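Descriptive analysis of the structure
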Amino acid sequence: MIKTVVIDKNKNQRDILSKYLKNIDNLAVVALLDEFILEYLNLDEINLIIFDIGVKNKENILNQIKEIKEKHKNINFIALSSEINSSLVEDTMAQGIKDFLLKPVIPNILESAVSKISDKNELAKTICIFSNKGGIGKTSIAVNLAYEIENLTKEKVCLLDLSFNSEEATTFLNIEPKYNVDYIIQNIESSSKELLLSLIDTYPGTNLYVLSSRAEIEPAQRPLVKDINKIINSLKNIFSYIIIDTSSTLDEVSLSILNNSDLILLVALLNMPSIRNSQKLLEMFESIKIPQDKVKLIINRFIECEITLEDVEKTLSKEVFNKIPNNFLTLEDAINLGCPVSKTNPQSNIAKAYQKIALDITKINFSTLDKSQYNHGIFNLIHKIGE
């Protein structure tokens, strides 16, 4: 997703640009501004700034852009101007601006300029495994799903453990982590992509990278929202898929992770307490404008019982995306051996379930998922809390 800010003194021009941009897939307009005042925005989350420039305000704007680019290398810029001036164009493009468009902007030309940025910055598909109840199997799903997606696509996949209560992800794969999330956050701005990759552990013989949080970390010591956003956005420029195992605590960090994710796998069990809890979560997601189509329901430890999948779907008004059978012994063997289930027992029903979820996810056209409401007010509040 390309999170975009539009800056133009003319309100009518801002509204027109916003209308054009909303028709572009995989793009969300997060702010419409009349001046280059960005302090209240979390620039670590911004991918594109489209701005108006003229001869009179050229020097001031280009100086501000230079300062922004020094701190936020992930941001791209497209300049707009109603003035035809070779010096203005040359000076603007010399600052590394991706494109310079004349006003009034033609929609298909704007879309073409944005697509160049999209092609050069093919961001990772970010998948969050979530439940606000512990002991429900989030980590086992995250670990096995990450392995299956890597095995299926052969692309770089990052398993990002942001559960902040243990190093379970690395334990499940028998990895002794060299560095954790805290270390990467401290060194991320000075690290190239190659160096960053070298700091993240890999599961042997694969393109699966595993980055863990510190075990048993106190809430007061956890990274801030802005730090979590920074690391996720940096990883998006390196990997094809990011699988995030989150904390079960529904706080500003978890909410920000949910907002940053392209897909949320909501994990539930086939019992009434878990179903009621999932119902409350879905209602909460709706109240804070998380698009319902990016939330997929996973039933873990599935076994035939009095409650059917149809009952769940009727109660939650939500289709069950996939189910994972209750095969404790096979899963326990894999955990004890420090391997994904597909390595220890590839023909088991649980291994095939993980494979099916990976296949279904990789078939999803992520650009069609509704991202139009990402900039809901609660997330601006969260960003301020993190800062």
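Structural notes, computed from the coordinates. (Residues numbered from 1 in each chain as written. Predicted model: local features only at pLDDT ≥ 70, side-chain atom pairs only at ≥ 80, totals over all residues. Heavy atoms only, no water.)

Below, the discussion takes up the overall build of the chain. A count of helices and strands for the chain gives 16 helices and 13 strands. Principal-axis analysis of the C-alpha atoms gives the chain an extent of 70 × 45 × 40 Å. Across the 387 residues of the chain, 54% fall into the buried class. For the chain, contacts bridging at least 24 residues in sequence account for 76% of all contacts bridging at least 6. In the chain, 43 side chains carry a positive charge and 51 a negative one; their mean positions are 3 Å apart. (Helix = DSSP H or I, 4+ residues; strand = E, 2+ residues; numbered from the N terminus. Buried < 20%, exposed > 50% of the residue type's maximum accessible area, 1.4 Å probe, protein only. Contact = heavy atoms within 4.5 Å. Lys, Arg positive; Asp, Glu negative; His and termini not counted. Charge placed at Lys NZ, Arg CZ, Asp CG, Glu CD.)

Within the structure shown, the criterion is met by 0 disulfides. Here cysteine 128 is not disulfide-linked; the sulfur of cysteine 158 is the nearest cysteine sulfur, at 13 Å. (Disulfide = S-S within 2.5 Å.)

All told, the structure shown has 6 aromatic pairs when counted by the stated rule. On the basis of an interplanar angle of 50 degrees and a centroid distance of 6.4 Å, the ring pair of phenylalanine 130 and phenylalanine 285 is categorised as tilted. Residue phenylalanine 130 is located in strand 6 (residues 125-130), and its partner phenylalanine 285 is located in helix 11 (residues 272-287); the two are separated by 155 residues in the primary sequence. Both rings, one in tyrosine 179 and one in tyrosine 183, keep their centres 4.3 Å apart while their planes meet at 20 degrees; by these two values the pair is stacked. (Phe/Tyr/Trp six-rings, centres within 6.5 Å; stacked < 30°, edge-to-face > 60°.)

Glancing now at the pattern of salt bridges. In the structure shown here, the tally under the stated rule is 7 salt bridges. Note that aspartate 91 is salt-bridged to lysine 58, the shortest N-O span being 2.6 Å. Here aspartate 91 is found in helix 3 (residues 86-93), whereas its partner lysine 58 is found in helix 2 (residues 58-71), with 33 residues between them in sequence. Here lysine 356 makes a salt bridge to aspartate 360, at a shortest N to O gap of 2.7 Å. Here lysine 356 and its partner aspartate 360 are both found in helix 15 (residues 349-363), 4 residues apart, which amounts to about one turn of the helix. Linked by salt bridges that have partners in common, Asp8, Asp52 and Lys103 make up one network. (Salt bridge = Lys/Arg side-chain N within 4 Å of Asp/Glu carboxyl O.)

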